[in-house]
Amino acid sequence: MANDYIKQPFGMNIKMPVKTIRQIEQTAESRVNGIFEPLFNFIEDNQNVFTGDVSRQIDQYNALQYNIGAELRALSTNGGFDVKG
């Protein structure tokens, strides 16, 4: 579609030379190729975040922390001295 648009005459029915069209296509291809590669690399490197694995791990650690705290609270004694004699 872009090629058809570039090849259309403009102005006073002046046509672009074939060499110019080829140069435009080569420039566009060289600029566009690999433009999304950093984005894809970022997504690949951080796949665990996007799939929810990190969120599940955080939830597991929070539950573990709560369970450990609950066990310690259940076992805790007053810890003070009996001063009433």
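Residues numbered from 1 in each chain as written. Predicted model: local features only at pLDDT ≥ 70, side-chain atom pairs only at ≥ 80, totals over all residues. Heavy atoms only, no water.

### Some remarks on the overall build of the chain
Across its full length, the chain holds five helices and zero strands. Listing the helices and strands of the chain from first to last along the sequence gives α-α-α-α-α. Buried positions account for 4% of the 85 residues belonging to the chain. Of the roughly 8300 Å² of accessible surface on the chain, 57% is carried by carbon and sulfur atoms. (Helix = DSSP H or I, 4+ residues; strand = E, 2+ residues; numbered from the N terminus. Buried < 20%, exposed > 50% of the residue type's maximum accessible area, 1.4 Å probe, protein only. Areas by Shrake-Rupley, 256 points an atom, 1.4 Å probe, with all protein chains shown as cover.)

### Some words on the packing of aromatic side chains
Summed over all chains, the structure comprises two aromatic pairs. On the basis of an interplanar angle of 45° and a centroid distance of 6.5 Å, the ring pair of Phe36 and Phe40 is categorised as tilted. The exposure classification of Phe36 matches that of Phe40, with both residues exposed. Plain terms: the ring middles of Phe42 and Phe50 are 6.1 Å apart, the flat faces sit at 70° to each other, and that makes the pair edge-to-face. (Phe/Tyr/Trp six-rings, centres within 6.5 Å; stacked < 30°, edge-to-face > 60°.)

### Some points on the confidence of the model for the chain
Confidence in the prediction for the chain averages 82 pLDDT; 76% of positions are at 70 or higher. Averaged pLDDT values over the elements of the chain bottom out at 60 in helix H1 (residues 2-7) and peak at 93 in helix H5 (residues 53-75). (pLDDT = per-residue confidence, 0-100.)

### Re a nonpolar patch on the surface
On the surface, Val32, Ile35, Phe36, Leu39, Phe40, Phe42, Ile43, Val49, Phe50, Val54 and Ile58 cluster together into a nonpolar patch covering about 1100 Å² of accessible area. At the level of secondary structure, the elements contributing two or more residues to the nonpolar patch comprise helix H3 (37-45), helix H4 (47-51) and H5. Top element by residues in the nonpolar patch is H3. It accounts for four residues. Tracing the backbone shows Val54 in helix H5. (Patch = residues over 30% accessible without salt bridge, like charges linked within 9 Å, V, L, I, M, F, W, Y side chains within 5 Å. Salt bridge = Lys/Arg side-chain N within 4 Å of Asp/Glu carboxyl O.)

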